[in-house]
Amino acid sequence: MFDLAPGLGDWPALGLVALSFFTSLITATFSLGGGSLLIAAMTLVMPPVVVIPVHGCVQLGSNAGRALVMRQFIQWPFILWVTLGAILGSIFGGAFAQVIPDRWFVAAIGVFVLVTTWLPQPKLIAGSRMVQFVGGSIVSAVGMVVGAAGPLLAAFVRGIPDRRQLVATHAMLNTFQHLFKVVIFTVLGFAFGQYLLLIALMIGAGFAGTMLGSRMLTRVPESVFRFGFRILLSLVALELVRRALFAGG
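Source: prediction; values computed, not measured.

Undergrad: So what's going on with helix α9 (residues 163-187)? Residues and values would help.
TA: The end-to-end C-alpha distance of α9, which contains 25 residues, comes to 36 Å, matching closely the 36 Å that a straight helix rising 1.5 Å per residue would cover. G189 lies just past α9 and shows a positive phi near 100°.

See the structure below:
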């Protein structure tokens, strides 16, 4: 009927478009959770070698749209050092991925996120330029392997007190991370062209979800937002650990 992507049926493809709307709504409201849910669903219907680059392209559009809508709240000094680190991490991500099996990267992310979510967070994480630079490098390197490193980035922005600044800054950080990822995969020869229609529809649906979610953000009470943010972060982290522990090999 539509042939949105090679080897992907019409209904699964349309399901991913619809899911892009809902996951972007979730992310715009609570800053994270949507990207991890989306990549999990994509893994069920698409080959693993295709999922990470296509997911990265969709998330680039989704996060760029969220950052555009909330651009006045972006904390640019924070963005600078994390992004400089992300450039380095993206370049060396392939070599970094060969050190240990992928599943243990996933488990390490889950444990790190749980620890930083529930234990008192040192000001060093949010305030040190060196920590921001090193953190950006690690996040981007890991993102080249596991796809959705948003929860890891969220651990670095959790200390931002204003929720709109938190969501906007997180979106901008993810935009740069996914931009570098798409560039690297393009250089490596991934054929994005045959997935452009699916990617475009998912980005469009995601932007609609972002518009609705950004309005809901200001209506959610502060205590509910903070608690919901931590719960979503923890659920994603636990799923990462579960996936690593029960993965074959």
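Anyway, onward from the coordinates.
Undergrad: Go over the environment of L44 with me, naming the residues and quoting the values.
TA: Among the secondary structure elements, L44 is positioned in helix α2 (residues 34-45). Its relative accessible area of 74% is what places L44 among the exposed residues. The spacing of L44 and P12 is 32 residues in sequence and 9.7 Å in space, taken between C-alpha atoms.

Undergrad: Quick rundown of the pattern of salt bridges? Include the residues and the values.
TA: Taken as a whole and judged by the stated rule, the model has one salt bridge. One salt bridge in this structure joins R164 and D162, with 3.6 Å as the shortest N-O distance.

Undergrad: Mind laying out empty space enclosed by the protein, listing which residues take part and the relevant values?
TA: Under the defined criterion, the tally for this structure stands at three cavities of 30 Å³ or more. The volume enclosed by the second largest cavity comes to roughly 50 Å³. When contributions to the lining of the second largest cavity are tallied by element, the ones reaching two or more residues are α4 (76-97), α7 (129-146) and α9. For the lining of the second largest cavity, the class distribution of residues is six nonpolar, four polar and no charged.

Conventions used here
- Residues numbered from 1 in each chain as written.
- Predicted model: local features only at pLDDT ≥ 70, side-chain atom pairs only at ≥ 80, totals over all residues.
- Heavy atoms only, no water.
- Helix = DSSP H or I, 4+ residues; strand = E, 2+ residues; numbered from the N terminus.
- Expected span 1.5 Å × (residues − 1).
- Buried < 20%, exposed > 50% of the residue type's maximum accessible area, 1.4 Å probe, protein only.
- Salt bridge = Lys/Arg side-chain N within 4 Å of Asp/Glu carboxyl O.
- 1 Å grid on protein atoms, 1.4 Å probe; cavity = no way out; pocket = protein on both sides within 12 Å on 5 of 7 lines; lining within 4 Å.
- Points joined across faces, edges and corners; volume = space filled by probe spheres on them.
- Nonpolar A, V, L, I, M, F, W, Y, C, P; charged D, E, K, R; others polar.

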